[in-house]
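Per-entry structural report
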Amino acid sequence: MSRLALVTGGQRGIGLGIAEALVAAGYKVALVAQLPAEDPEVVGALARLGQGAAYFQHDLQDIDGHAALLDRIEQALGPVTTLVSNAGVPAKVRGDLLDLAPDSFDFVMGVNLRGAFFLAQEVARRMLDREADNYRSLIFITSVSAGMVSVERAEYCLSKAGAAMMAELFAVRLAPHGIGVFEIRPGIIETPMTAGVKDKYTAQIEQGLVPAARWGQPEDIAAAVLPLAGGQMAFATGSTIKVDGGLSIPRL
């Protein structure tokens, strides 16, 4: 069975960096996002990835459509051997958590936690229904915000903390079947999502916020994904890999 990675939010940023690394390593890649296929971002991503990738439009909030999504992917490319649960949305508005509105809370949770959970559930069920020659894995891209507080984006922090527990739950459930589950926690990564706060974080990085003294890049996350997806760290299932240049290390 060939290796097929499903990468949510793979049309840009961290997801695209991961998709590029997987294609270069010989994987077929299914990109999933809610954008229409003709969107310039999608067209550009597919041009970069070449024949090793295909695009499937789907809104993660549509949990009733997860099974149909996987049916379409399987018919076109075969069964998924690696899920990279990467897609995520930020807080609609940064502000005091005492002013957080339910619609923003529900939106962020609906994508980052609820949608991600039920897609991973459907992928896991299908993995268990099939025997496989290749190593299989679920990789959850969370954030340092799973453990570091940002009071101006509480809903995002809560969603990522929940996703961290989600990864551990799937790890324990799937370990007896040889399916590896991992969490990667990116730090401050230079992507379209962080473009609006680039000046703020650049100044903080220059003042010592990140011990590595630089922005992270999508390629930094991709480099961590490859050994997890391929089985080189199989007995480390359930591990959390921090890819943040030392940002989350407590310091005096």
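Presented here is an overview of the structure given in this document. Since this is a predicted model, take the numbers as computed values, not measurements.

**Some thoughts on the packing of helix 1 (residues 13-24) against helix 7 (residues 218-230)**
Direction vectors running N to C along helix 1 and helix 7 enclose 50°, while the axes themselves pass 8 Å from each other. As judged from the angle between their axes, helix 1 and helix 7 are oblique. Our pair here, helix 1 against helix 7, has a crossing hand that is right-handed. Residues G13, I14, G17, I18, A21 and L22 of helix 1 form the contact with helix 7, whose participating residues are P218, I221, A222, V225, L226 and A229.

**Some remarks on the sheet that holds strand 2 (residues 28-33)**
Judged by pairing direction, the sheet is parallel, and its 7 strands sit side by side in the order 3-2-1-4-5-6-7 without closing on themselves. For this open sheet the edge positions go to strand 3 (53-57) and strand 7 (240-243), each flanked by a neighbour on one side alone. Averaged over all pairs of adjacent strands, the angle between their axes in this sheet comes to 20°, without regard to strand direction. Here 5 bridges tie strand 1 (residues 4-8) to strand 2, and the two strands are oriented parallel to one another.

**A look at the pairing of strand 3**
Taken across its 5 residues, strand 3 has 4 buried, putting it largely inside the fold. Examined bridge by bridge, strand 2 and strand 3 share 5 bridges and lie parallel to one another. For V29, the partnering residue across the bridge sits in strand 3 and is A53. You can see the chain leave strand 2, run along helix 2 (residues 40-49) and come back into strand 3, and the turn it takes is right-handed.

**Considering unusual backbone geometry**
Positive phi, close to 60°, is recorded for A213, a residue that is not glycine. With respect to the helices, strands and loops of the structure, A213 is situated in the loop between helix 6 (198-206) and helix 7. For A213, a relative accessible area of 55% translates into the label exposed.

**What about the pairing of strand 5 (residues 136-141)?**
The buried fraction of strand 5 amounts to 6 of the 6 residues, a majority that puts the element mostly inside the structure. Where the polypeptide runs from strand 4 (residues 82-85) across helix 4 (residues 102-129) and back to strand 5, its parallel neighbour, the crossover connection is right-handed. With 6 bridges joining them, strand 5 and strand 6 (residues 179-186) adopt parallel strand pairing. Bridging from a neighbouring strand, L138 pairs with V181 of strand 6. What joins strand 5 to strand 6 is helix 5 (residues 154-174), and the crossover it makes is right-handed.

**Quick word on the side chain of S85**
By the secondary structure assignment, S85 is in strand 4. Among all residues touching S85, those that are not within four sequence positions of it are T8, A116, I139, F140 and I141.

**Digging into a nonpolar patch on the surface**
On the surface, L97, L98, V149 and V151 cluster together into a nonpolar patch covering about 440 Å² of accessible area. Turning to its location among the elements, V149 is positioned in the loop between strand 5 and helix 5.

Rules of the game
Residues numbered from 1 in each chain as written. Predicted model: local features only at pLDDT ≥ 70, side-chain atom pairs only at ≥ 80, totals over all residues. Heavy atoms only, no water. Axes fitted to C-alpha atoms, helices over the stretch in contact; angles between N-to-C directions. Helix = DSSP H or I, 4+ residues; strand = E, 2+ residues; numbered from the N terminus. Parallel < 35°, antiparallel > 145°, perpendicular 65-115°, else oblique. Left-handed = near helix turned anticlockwise from the far one by under 90°. Contact = heavy atoms within 4.5 Å. Pairing = 2+ DSSP bridges. Buried < 20%, exposed > 50% of the residue type's maximum accessible area, 1.4 Å probe, protein only. Right-handed = clockwise from strand over helix to strand, strands pointing away. Patch = residues over 30% accessible without salt bridge, like charges linked within 9 Å, V, L, I, M, F, W, Y side chains within 5 Å. Areas by Shrake-Rupley, 256 points an atom, 1.4 Å probe, with all protein chains shown as cover. Salt bridge = Lys/Arg side-chain N within 4 Å of Asp/Glu carboxyl O.

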